[in-house]
Amino acid sequence: MQVGIIGIGLIGGSMAIDLKKRGFADRIVGVENNHLHAAAAVEIGLVDEVVSLDECVAQSDIIVVATPVNVAIRLIPEILDKVDTQIVTDVCSTKEKINEIVHYHPKRKNFVASHPMAGTEYSGPWAALPGLFDGRAGIICNAEDSDLRAVEMIKKMYDCLNMRIIFMRAAHHDVHTAYVSHISHITSFALALTVLEKEKNEKNIFDLASGGFSSTVRLAKSNADMWAPIFSQNKENVLTVLDTYIEKLQEFKKHIAEYDENGVKELIHNANKIKRIIR
């Protein structure tokens with residue numbers, strides 16, 4: 001089994017580590033346009049070799065597209081043009097636009113739209129971690145549009161990564177990720193901008209920032225080249241979530257401005273209900 005990974009960053013690199021270590025792949029090749037990242041991926045041992053896109057497609061049994069979504073949308077049809085029996089999958093955080101692009105492609109059956117729900121705020125091959133996907137959800141979208149053999153192979157790959165497989169429609173996936181992932185990043189970016197703008201003394205930020213601030217703002221360190229295209233591709237859902245989020249912020253602002261502690265308490269008590277879901 002040879003797996004080709006296009007984009008050897010946090011997700012692609014972390015997949016490479018465990019797919020090789022756990023015996024799913026005998027050989028892993030990578031495609032990486034950033035020469036520094038390519039050299040690091042080989043030096044660290046994430047991949048056996050960095051090759052061209054054409055070589056990767058020709059040699060690999062499974063091709064994983066682990067690039068930002070704006071690049072993936074361009075690459076996936078191009079890769080499908082080149083495949084015979086090879087299976088192609090992606091790991092992007094938005095799914096509906098990708099599925100629309102490939103829906104009528106002659107090799108659509110070779111493609112499995114997927115999204116491993118895992119990550120950190122870091123990027124690049126140096127960020128790759130063993131065990132990153134353990135216990136996380138592995139989403140497979142619009143499985144009925146893919147060949148059964150292809151779906152089973154990607155399911156087997158995610159099983160090797162110790163992921164919980166969930167099947168759903170691409171449109172539903174994009175709504176859910178807007179609520180549980182995309183808004184979290186926007187919130188973190190906005191909080192970081194607020195603090196950096198108002199707290200000019202960086203030493204105060206460093207000395208006084210507690211664990212609560214650090215955990216809330218850590219996502220602000222995430223890569224702009226990855227997240228800006230995600231927000232664009234999932235614009236309608238992200239804007240809907242933002243409207244609701246801004247509405248809740250305005251409620252807090254109103255009650256605080258009016259010295260309405262009971263109103264603030266009610267909002268907090270309602271928010272506490274999240275404990276039933278997340279422990």
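Residues numbered from 1 in each chain as written. Predicted model: local features only at pLDDT ≥ 70, side-chain atom pairs only at ≥ 80, totals over all residues. Heavy atoms only, no water.

Trainee: Would you mind going over the nonpolar core with me for this structure?
Mentor: A general trend in soluble globular proteins is that nonpolar side chains are found buried together. The biggest cluster of nonpolar side chains holds 36 residues, and the ones touching the most others in it are Val3, Met15, Leu19 and Met157. Put simply, the parts of the chain that give this core at least two residues each are strand E1 (2–6), helix H1 (10–21), strand E4 (62–65) and helix H6 (148–160). With residues up to four places along the chain from it excluded, the contact list for Val3 reads Leu19, Phe24, Ala25, Arg27, Ile28, Val29, Ser60, Ile62 and Val64. Ranked by size, the runner-up nonpolar core spans 35 residues in total, among them Val31, Val69, Ile73 and Val102. (Core = buried A, V, L, I, M, F, W, Y, C linked by side-chain atoms within 4.5 Å. Buried < 20%, exposed > 50% of the residue type's maximum accessible area, 1.4 Å probe, protein only. Helix = DSSP H or I, 4+ residues; strand = E, 2+ residues; numbered from the N terminus. Contact = heavy atoms within 4.5 Å.)

Trainee: Explain the sheet that holds E4 to me, please; I cannot follow it from the model alone.
Mentor: Sheets are built from strands that pair by backbone hydrogen bonding, the pairs being arranged parallel or antiparallel. Spatially, E3-E2-E1-E4-E5-E6-E7-E8 is the arrangement adopted by the eight strands of the open sheet, whose pairing is mixed. Both edges of this open sheet fall to strand E3 (49–50) and strand E8 (164–168), since each of them pairs with a single strand only. Where helix H4 (residues 69–82) meets the sheet, its contacts fall on E1, E4, strand E5 (87–90) and strand E6 (111–116), and the angle it forms with E4 comes to roughly 165°. Each of E4, E5, E6, strand E7 (137–141) and E8 is contacted by H6, which is oriented at about 55° to E5, the strand it contacts most. (Pairing = 2+ DSSP bridges. Axes fitted to C-alpha atoms, helices over the stretch in contact; angles between N-to-C directions.)

Trainee: I tried to follow the pairing of E6 on my own but got confused; where do I start?
Mentor: Here is the key point about a regular strand: its side chains alternate between the two faces of the sheet. For E6, the tally of buried residues reaches six of six residues, placing the bulk of the element in the interior. The side-chain alternation of E6 yields two buried faces, one formed by Phe111, Ala113 and His115 and the other by Val112, Ser114 and Pro116. In this sheet, E6 lies alongside E5 in parallel orientation, the contact comprising three bridges. Counterpart to Thr89 in the pairing with E6 is Val112. As for the winding sense of the linkage, the β-α-β connection from E5 through helix H5 (residues 96–102) to E6 is right-handed. Summarising the sheet, E6 and E7 pair through four bridges and their orientation is antiparallel. Counterpart to Ala113 in the pairing with E7 is Cys141. (Right-handed = clockwise from strand over helix to strand, strands pointing away.)

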